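Notes for the structure review
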Amino acid sequence: MIIKPRIRGFICTTAHPVGCATNVSAQIEYVRGLDTITGPRNALIVGCSTGYGLASRITAAFGCGSGTLGVSFERAPSESKPGSAGWYNNAAFERRAEQAGLYARTVDGDAFSDEIKQRTIDVIRSDIGEIDLLVYSLASPVRKHPRTGELYRSSIKPLGKVFSSKTLNFDLMSGTAKVVDVELDPAEADEVDATIAVMGGEDWEYWIEALQGAEVLASGFETVAYTYIGNELTWPIYWDGTLGRAKEDLDRAAGEISNKLKDTNGRADVAVLKAVVTQASTAIPVVPLYFSILFRVMKEHDCHEDCIAHIQRLFREQLYSNQLKRTDEIGRIRMDNHELDADIQAEVQRRWSKITTGNVAEFADLRGFREDFFRLFGFGIESVDYDADIDLLTGY
Ligand code: NAD
């Protein structure tokens with residue numbers, strides 16, 4: 001089959017296996033080109049198949065030489081329909097890890113369920129004995145609660161009042177973009193609770209409970225969950241909105257988990273990461289306009305990082321370094337220091353106040369945003385022959 005991108009809004013329903021494998025290889029080569037990090041022996045990455053989770057798995061494996069066990073929820077290919085990008089990424093990662101003699105296995109299914117937690121524990125017991133690191137990098141719109149069976153759907157809404165903002169109407173296929181006004185209605189109380197149930201810290205705590213109960217955590221075990229804070233322009237829809245309430249709950253969970261790990265010298269951290277284009281982040285209203293201005297400004301200041309550069313720096317500078325961690329007043333690791341740099345933010349704010357459809361191509365990195373988006377699904381890569389007939393099942 002010849003696979004082309006099929007895009008609706010900020011969603012692409014197809015993925016190219018060769019392009020995905022090329023992306024994974026490029027990230028591996030990036031990490032291999034840098035100094036080795038003395039990191040975990042074995043790492044479990046929950047949300048391992050795309051975005052920051054995939055970058056974490058690649059950094060652990062190819063930057064630290066760790067064995068990695070991944071958990072993700074991806075769509076396998078059929079004879080007539082390509083698999084999801086994450087499915088092809090996992091396959092490519094496992095191939096490369098095997099060639100490099102690194103342990104790698106992926107458990108595919110709903111990480112929120114008790115069944116997948118148990119299956120993961122069984123694999124740890126049979127294959128590697130224990131883990132030294134759990135990276136919690138899930139981004140999901142829905143969670144079936146494992147104890148009550150209730151289905152929660154997260155919503156991405158402001159709190160308290162209507163949020164009026166500029167936003168980007170971006171036709172990703174043609175590349176045409178308009179800056180338009182948008183009004184977003186505030187969330188109801190039950191929508192806030194549901195978002196906390198999906199994206200808050202409870203499932204992270206359940207993972208730790210299950211792993212600790214099964215005695216598969218090594219002494220000195222560490223766990224890190226990822227969060228985003230951003231700036232004033234996105235606060236009403238992110239940090240001060242439903243998602244922010246859920247992310248605050250991660251901070252609570254980090255404290256609870258750290259307490260539980262005290263006896264084994266373990267700890268839990270929340271790391272605040274920078275904005276990057278992923279399947280999860282592009283789904284947030286207003287955010288693509290902020291991101292594309294930010295990327296342009298950060299690139300002009302030579303401090304832009306993609307997922308892999310950012311996570312490699314997290315491991316190198318913060319998680320596995322003897323230096324004092326760069327933390328904020330509540331103990332979160334701050335990796336968003338370049339994004340929130342005063343000069344960068346002043347320039348983003350200046351452009352934001354002036355941005356219109358007429359100047360958006362000049363003020364914002366629309367090209368870079370669009371390239372990043374296509375790349376997530378394995379498209380737009382020069383070395384890939386997109387007219388080649390691909391066997392969807394094998395990916396060749
Ligand atoms: P992503 O969409 O690229 O990755 C999400 C991962 O979660 C995938 O591996 C997917 O398979 C997995 N997943 C989703 N539902 C699952 C389920 N039920 N069971 C098992 N796996 C499931 O997202 P991302 O942007 O890399 O986000 C990862 C984390 O990083 C999130 O906590 C997000 O808030 C945080 N973060 C993202 C950004 C950003 O700009 N993208 C910035 C800061 C922090």
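In what follows, the accompanying structure is described. (Residues numbered from 1 in each chain as written. Predicted model: local features only at pLDDT ≥ 70, side-chain atom pairs only at ≥ 80, totals over all residues. Heavy atoms only, no water.)

1. Some thoughts on the overall build of the protein chain
Put simply, the rule is: Going along the chain from the N terminus, every DSSP run of H or I of four or more residues is numbered as a helix, and every run of E of two or more is numbered as a strand. Based on C-alpha atoms, the radius of gyration is set beside the globule rule, defined as 2.2 Å times the residue count to the power 0.38. Note on exposure labels: buried denotes an accessible area under 20% of the residue type's maximum, exposed denotes more than 50%, and partly exposed covers the range between, all computed with a 1.4 Å probe on protein chains only. This count recognises Lys and Arg as positive and Asp and Glu as negative, with His and chain-terminal groups excluded. Where a charge lies is defined by one atom per residue type: Lys uses NZ, Arg uses CZ, Asp uses CG and Glu uses CD.
What the protein chain contains, in helices and strands, is twelve helices and 13 strands. For the protein chain, whose C-alpha radius of gyration is 20 Å, the value lies close to the compact-globule estimate of 21 Å for 396 residues. Within the protein chain, the proportion of its 396 residues that are buried is 55%. Treating the 43 positive side-chain charges of the protein chain as one cloud and the 58 negative ones as another, the clouds have centres 2 Å apart.

2. Describing the site of the ligand
Note the cut-off: For this description, a residue counts as near a given molecule or strand if any of its non-hydrogen atoms is within 4 Å of it. Pairs of N or O atoms are called polar contacts if they sit within 3.5 Å, as long as, within protein, a hydrogen donor faces a hydrogen acceptor (for residues adjacent in sequence, only side-chain-to-side-chain pairs). The protein chains shown are the only cover counted for residues, whose accessible areas, like all others here, come from Shrake-Rupley with a 1.4 Å probe. In the scheme used here, Gly and all other residues not listed as nonpolar or charged are polar, with Ala, Val, Leu, Ile, Met, Phe, Trp, Tyr, Cys and Pro taken as nonpolar and Asp, Glu, Lys and Arg as charged.
Close contacts around the ligand come from 31 residues, with S49, Y52, E74, A111 and T278 the closest. A distance of 2.8 Å separates an oxygen atom of the ligand from a polar atom in the side chain of E74. Relative to its free-state accessible area of 840 Å², the ligand is covered by the protein chains to the extent of 93%. Residue composition of the shell around the ligand, by class: 15 nonpolar, twelve polar and four charged.

3. What about the environment of A194?
Short version of the rule: Should any heavy atoms of two residues lie within 4.5 Å, those residues are counted as being in contact.
Looking at where A194 falls in the secondary structure, it is placed in helix 5 (residues 189-199). A C-alpha to C-alpha distance of 7.8 Å links A194 and S155, two positions 39 residues apart in sequence. Apart from residues lying up to four places away in sequence, A194 is in contact with Y152 and R153.

4. Let's talk about the packing of helix 6 (residues 202-213) against helix 7 (residues 242-261)
For clarity, the cut-off: To get an axis, fit a line to the C-alpha atoms, keeping to the stretch in contact for a helix; angles then go from 0 to 180 degrees between the N-to-C directions. Between 65 and 115 degrees an angle is taken as roughly perpendicular, under 35 as roughly parallel, over 145 as roughly antiparallel, and anywhere else as oblique. Crossing handedness: left-handed means the near helix sits turned counterclockwise from the far one by under a right angle, and right-handed means the same turn made clockwise.
Contact pair helix 6 / helix 7: the axes reach a minimum separation of 9 Å and the direction vectors enclose 15°. The orientation of helix 6 with respect to helix 7, classified from their angle, is roughly parallel. In the packing of helix 6 onto helix 7, the handedness of the crossing is right-handed. Facing E202, W204, E205, I208, E209 and Q212 of helix 6, the residues of helix 7 in contact are D249, L250, R252, A253, A254, E256, I257, K260 and L261. In terms of residue class, the contact of helix 6 with helix 7 is made up of seven nonpolar, one polar and seven charged.

5. Observations regarding the packing of helix 1 (residues 17-32) against helix 9 (residues 307-319)
With their axes 10 Å apart at the nearest point, helix 1 and helix 9 run at an angle of 35° to one another. The element helix 1 and its partner helix 9 pack so that their crossing is right-handed. On the side of helix 1, the interface is formed by Q27, Y30 and V31, while helix 9 contributes I308, A309 and Q312.

6. Details of helix 7
Every α-helix carries 3.6 residues per turn, so stepping three or four residues along brings you back to the same face. For the record, the criterion: Helix span, as expected, comes to 1.5 Å for every residue beyond the first.
In this model helix 7 runs 29 Å from its N-terminal to its C-terminal C-alpha over 20 residues, within 8% of the 28 Å that 1.5 Å per residue would give. Those residues of helix 7 lying buried are T242, L243, G244, A246, K247, D249, L250, D251, A253, A254, I257 and L261.

7. Section: the environment of G378
For G378, the location among the structural elements is in the segment after helix 12 (366-376). According to the relative accessible area criterion, G378 is buried, its value standing at 0%. If sequence neighbours within four positions are ignored, G378 has contacts with H16, G19, C20, N23 and Y386.

8. Re the sheet that holds strand 5 (residues 104-108)
Note the cut-off: One requirement defines pairing of two strands: DSSP has to find at least two bridges between them.
Pairing within the open sheet is parallel, and its seven strands lie in the order 5-4-3-6-11-12-13. Of all strands in the sheet, those bounded by a partner on one side alone are strand 5 and strand 13 (333-334). Sheet analysis places strand 3 (residues 42-46) next to strand 4 (residues 67-72), joined by five bridges and oriented parallel. Residue pairing in the sheet places I45 in a bridge with G70 of strand 4. Along the sheet, helix 2 (residues 51-64) makes contact with strand 3, strand 4, strand 5, strand 6 (131-136) and strand 11 (217-227), crossing strand 4 at roughly 170°.

9. What about the packing of aromatic side chains?
The criterion, for reference: Stacked, tilted and edge-to-face pairs are distinguished by plane angle, under 30 degrees for stacked and over 60 for edge-to-face with tilted covering the rest, among Phe, Tyr and Trp rings (Trp via its six-membered ring) whose centres lie within 6.5 Å. Only when the NZ atom of a Lys or the CZ atom of an Arg is both within 6 Å of the ring centre and within 35 degrees of the ring normal do we say a charge sits over the ring.
In this structure the tally under the stated criterion is 14 aromatic pairs. Summarising the aromatic geometry, the rings of Y136 and W204 are spaced 6.3 Å apart at their centres and angled 25° between planes, so their arrangement reads as stacked. Highlighted residues: Y136 in strand 6 and W204 in helix 6, separated in sequence by 68 residues. For the residue pair Y136 and W204, the accessibility class agrees, reading buried in each case. Ring centres 6.2 Å apart and planes at 65° place the aromatic pair Y290 and F291 in the edge-to-face group. Ring-pair connections join several aromatic residues into one group, and the members of that group are Y228, Y238, Y290, F291 and F295. Above the ring of Y206, the side-chain terminus of R147 is found at 3.7 Å from the ring centroid.

10. Here we look at unusual backbone geometry
In the Ramachandran plot, N265 falls in the positive-phi region, its phi being about 60° despite a non-glycine side chain. With respect to the helices and strands, the residue N265 is situated in the loop between helix 7 and strand 12 (267-272). A positive phi angle is found at D302, which is not glycine, with a value near 60°. The residue D302 is located in the loop between helix 8 (287-300) and helix 9 in this model. Judged by its relative accessible area of 72%, D302 is exposed.

11. Focus: the pattern of salt bridges
The condition that has to hold: Salt bridges are defined as contacts in which a side-chain nitrogen from Lys or Arg sits within 4 Å of a carboxyl oxygen from Asp or Glu.
Using the criterion set out here, one finds 28 salt bridges in the structure. Salt-bridge contacts for D387 lead to K4; the nearest nitrogen and oxygen are separated by 3.1 Å. Placement of the pair is D387 in the segment after helix 12 and K4 in the segment before strand 1 (7-8), with a sequence separation of 383 residues. Looking at D387, the relative accessible area reads 57%, which means it is exposed. By relative accessible area, K4 is classed as partly exposed at 42%. Across the salt bridge formed by D127 and R105, the nearest N and O atoms sit 2.8 Å from each other. With a gap of 22 residues between them, D127 in helix 4 (residues 114-128) and R105 in strand 5 connect regions that are remote in the sequence.

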